[in-house]
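Survey of secondary and tertiary structure
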Amino acid sequence: MTKYIFVTGGVTSSLGKGIISASLAKLLQARGLKVTIQKLDPYINVDPGTMNPYEHGECYVTDDGAETDLDLGHYERFLNISTSQANNVTTGRIYQNVITKERAGEYLGKTVQVIPHITDEIKRYIRGLEKEDYDIIISEIGGTVGDIESLPYIEAVRQLRNELGKQNGIVIHLTLIPYLSAAGELKTKPTQHSVKELLNYGIQPEVLVCRTEHPLTEEIRQKLSLFCNVDKGSVIESRDAHTIYDVPLLMLKENLDTTVLDKLGLEKNDIQDLTAWKKFLGRLKNPLHEVRIGLIGKYIELQDAYKSIYESFVHAGAENEALVNVESIHSEDLEEENFEKKLKGLNGILVAPGFGERGIEGKLKAIQYARENNIPFFGICLGMQCAVVEFSKNVLKLEDANSGEIDENAKHKVIHLMEDQKNVKNKGGTMRLGAWQCHLSPDSKVFTAYQNEVVFERHRHRYEFNNEYRNLFIEKNFKPVGINKEKDLVEIIELEDHPWFVGVQFHPELKSTVETPHPLFVSFVQAAIDNKKGKNNKDQLKEVNDAQTEVG
Ligand code: GLN
């Protein structure tokens, strides 16, 4: 039978419920259990696909094409498993379903209400993953206890615990223990209040995970245990960590996993498998190389906007035993008079995904600089499309070349709207989404990186490379090296006669995990290391190309 762990948050938002959930799941997985995590989001959007990164950070896309919360990225990166639409639900989706059923007459004769109809629908979603035979499902409830929006979820958890029996569904409450420097003390009162709030809704949490900047003393643990009615052993300290990837081992030290297994009445199998994780941490913390990568985007002030890209660099860096310093550069700050100064000394340049016109000129400048100076370049989605536009303007000399997204009336729309997007009116969930097959040319750098002829990568876009121009590009060694054969779409371009110049229409960052770093990020970081070693002059370039041909 599947058992449940519900994770709620108290006192403040941003305590890292996602990381705690993923870390606990990692430990349980290492003990041989089949675990997954789901995120319940209390907002009214049906999914986060229509929110901008200021509102919501990155939109994470799953293989089955769901546009989801970025916490699902943490789940995949930690657990090395794929998630799907069933791993993320929002209040918007819940209400949409209930209202559709109401119109279809499923509740005929009844008044449709939050309790039981909305809470039933929430429970149905929570239990939707059971058919996949998980030993444990962790349900992370977005928001903070006390928020109006999260009430129906808390109520659904209360009901579900009664239905499942307490040993089959426990609650972990994540809270903050603030440190008052004036008093020189950690304070437990906010946590006491937060637990009281949960109790008001009929939920007594079994475990407290306490975020703190200072160690919890025995006295504090005792106090929390007494006032919050949990055993002392179930007061777990969660200190700020150097990297999020330390958290599973910190939780292991605090016995979070065994505490939970006890509460759920499950056997405490030995930890079998954290070797790969520890090896990764060892490499992460003892780098032999150091490189500087410029990340060019328009949301650089937001930590969360390019979350998966940053994490992919952490994975790929460790794989190469390199410290990757990602330097965020605002595309709007790159101008004719300053761009060389700002980009000088970078060992690699990545142009980020995105939508709309803002900051495009700066992106084109950065790409031109990388291309002309043999600096490794990686363009993702919009970044790839910009590379196509830059090459059209500056090498193919196509006057007035552009992407249809930027200028619908451009003479040469080298990037244009996909055929099946032309009649799309609704914005929600209508992009080209999810995993698509891509065939690689055997004589390409990307083939060398993947060591595979067929790959599946995740997409989220409406525009594509315009095939009418394909031959013009090929003649100048700007090669389509990854093709979706079913629709004849260019998915990857690569520039020959350059140490590493790759643009991808998909989002490789969404598939990089600790245990399986993404091959293209690994290869890009390797190219950046080579760049630093000075392997970018013309003679060495020839060597690189010869080597590529041999491997291919
Ligand atoms: N705006 C571009 C498109 O829709 C690229 C999207 C992206 O970078 N995810 O095609």
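Summary of the structure given here. (Residues numbered from 1 in each chain as written. Predicted model: local features only at pLDDT ≥ 70, side-chain atom pairs only at ≥ 80, totals over all residues. Heavy atoms only, no water.)

**Digging into the nonpolar core**
We apply this condition: Throughout this description, the term nonpolar core refers to a set of buried Ala, Val, Leu, Ile, Met, Phe, Trp, Tyr and Cys residues connected via side-chain atoms within 4.5 Å. Burial classification: accessible surface area is computed with a 1.4 Å probe over protein chains only, and a residue below 20% of its type maximum counts as buried, one above 50% as exposed, and the rest as partly exposed. A run of H or I in DSSP counts as a helix once it spans at least four residues, and a run of E counts as a strand once it spans at least two, with each numbered from the N terminus. We call two residues in contact whenever any of their non-hydrogen atoms come within 4.5 Å of each other.
Ile 5, Ile 136, Ile 138, Ile 172 and Leu 256 are the most contacted members of the largest nonpolar core, which has 44 residues in total. Among the elements that line this core, the one with the most residues is helix H1 (residues 17-30), at eight residues. Not counting chain neighbours up to four residues away, the residues in contact with Leu 256 comprise Ile 20, Leu 24, Ile 172, Val 207, Val 209, Ile 236 and Met 251. Counting residues in hydrophobic clusters, the runner-up holds 39 residues, among them Leu 334, Ala 366, Tyr 369 and Ile 493.

**Structural notes on the sheet that holds strand S16 (residues 401-403)**
Worth spelling out the cut-off: Pairing between strands is defined by DSSP: at least two bridges between them are needed. To define axes, lines are fitted to C-alpha atoms, for helices over the stretch in contact only, and angles between the resulting N-to-C directions are given on a 0 to 180 degree scale.
With mixed pairing, three strands are arranged side by side in an open sheet as S16-S17-S20. Strand pairing shows two members of the sheet lacking a second neighbour, S16 and strand S20 (463-465), which therefore form its edges. Averaged over all pairs of adjacent strands, the angle between strand axes in this sheet comes to 30°, irrespective of strand direction. Relative to S20, strand S17 (residues 412-417) runs antiparallel, the two being bridged by three bridges. Bridge pairing in S20 links Ile 415 to Phe 465. Where helix H15 (residues 382-394) meets the sheet, it contacts S16, S17 and S20, and its direction lies at approximately 165° from that of S17.

**Details of helix H14 (residues 360-372)**
Which entries qualify depends on this criterion: The length a helix should cover is 1.5 Å for every residue beyond the first.
Given a rise of 1.5 Å per residue, 13 residues ought to cover 18 Å, and the 18 Å separating the end C-alpha atoms of H14 matches this to within 8%. Residues of H14 that are buried: Ile 360, Gly 362, Lys 363, Leu 364, Lys 365, Ala 366, Ile 367, Gln 368, Tyr 369, Ala 370 and Arg 371. Looking one or two residues past H14, Asn 374 carries a phi angle of roughly 55°, positive in sign.

**Things to note about the packing of aromatic side chains**
What counts, and what does not: To pair, rings of Phe, Tyr and Trp, with the six-membered ring standing in for Trp, must have centres within 6.5 Å; the planes then decide the type, stacked if under 30 degrees apart, edge-to-face if over 60, and tilted in the middle. A ring is considered to have a charge above it if a Lys NZ or an Arg CZ atom is located within 6 Å of its centre and within 35 degrees of its normal.
Taken as a whole and judged by the stated rule, the model has 20 aromatic pairs. For the ring pair Phe 391 and Phe 478, a centre distance of 4.4 Å and an interplane angle of 40° mean the geometry is tilted. Here Phe 391, found in helix H15, pairs with Phe 478, found in strand S21 (residues 478-484); they are 87 residues apart in sequence, far enough to count as distant. Assessed through its relative accessible area of 2%, Phe 391 is described here as buried. Measuring from centroid to centroid gives 5.1 Å for Trp 500 and Phe 524, while their planes differ by 40°, and the two rings are tilted. Placement of Trp 500 in the loop between strand S22 (489-495) and strand S23 (501-504) and of Phe 524 in helix H18 (residues 519-532) is noted, with a sequence separation of 24 residues between them. Judged by relative accessible area, Trp 500 falls into the buried class, the value being 4%. Ring pairs connect the aromatic residues Phe 377, Phe 391, Phe 465, Phe 473, Phe 478 and Phe 501, which therefore count as one cluster. Of note, Arg 124 hangs over the ring of Tyr 125, and the distance from its end group to the ring centre comes to 5.6 Å. When the ring centre of Phe 339 is taken as origin, the NZ or CZ atom of Lys 365, which lies over that ring, is 5.3 Å away.

**What to know about empty space enclosed by the protein**
Our working definition: Here a cavity is any set of points on a 1 Å grid over the protein atoms alone where a 1.4 Å probe fits but cannot get out, and a pocket is any open set with protein on both sides within 12 Å along at least 5 of 7 lines; a residue lines the site when it has an atom within 4 Å of a point. Grid points are joined across faces, edges and corners, and a volume is the space filled by probe spheres set on the points. Note that Gly is not counted as nonpolar here; it falls among the polar residues with everything else outside the nonpolar set of Ala, Val, Leu, Ile, Met, Phe, Trp, Tyr, Cys and Pro and the charged set of Asp, Glu, Lys and Arg.
Per the counting criterion, the structure on display carries one cavity of 30 Å³ or more. The space that makes up the largest cavity amounts to roughly 50 Å³. Taken together, Ile 360, Leu 364, Leu 382, Gln 385, Cys 386, Val 389, Asn 402, Ser 403 and Ile 406 make up the full set of residues lining the largest cavity. For the lining of the largest cavity, the elements supplying multiple residues, two or more each, are H14, H15 and S16. Of the residues forming the lining of the largest cavity, the biggest block, four residues, is contributed by H15. Here the residues of the lining of the largest cavity are counted per class, giving six nonpolar, three polar and no charged.

**Overview of the site of the ligand**
Which entries qualify depends on this criterion: Here a residue is considered near a molecule or strand provided that any single heavy atom belonging to it is located within 4 Å of it. As used in this structure description, the phrase polar contact means that two N or O atoms lie within 3.5 Å; if the pair is within protein, one of them must be able to donate a hydrogen and the other to accept it, and residues adjacent in sequence are counted only when both atoms belong to side chains. Here, Shrake-Rupley sampling with a 1.4 Å probe gives the accessible areas, and only protein chains in the shown set may cover a residue.
What surrounds the ligand is the set Pro 353, Gly 354, Phe 355, Cys 381, Leu 382, Gln 385, Glu 405, Arg 460, His 461, Arg 462, Tyr 463 and His 507. Take Arg 460: an N or O atom from its main chain is 2.9 Å from a nitrogen atom of the ligand. Tyr 463 is positioned such that a nitrogen or oxygen atom in its backbone is 2.9 Å from an oxygen atom of the ligand. Taken by itself the ligand offers 300 Å² of open surface, and the protein chains cover 99% of this.

**As for the pairing of strand S15 (residues 377-380)**
The following threshold applies: Seen with its strands pointing away from the viewer, a crossover is right-handed if its path from the first strand over the helix to the second goes clockwise.
Neither face of S15 is left uncovered, since the one carrying Phe 377 and Gly 379 and the one carrying Phe 378 and Ile 380 both have all their residues buried. Pairing between strand S14 (residues 348-351) and S15: three bridges, direction parallel. Its bridge partner lying in S15, Leu 350 is registered against Phe 378. As a crossover connection, the stretch from S14 through H14 into S15 is right-handed.

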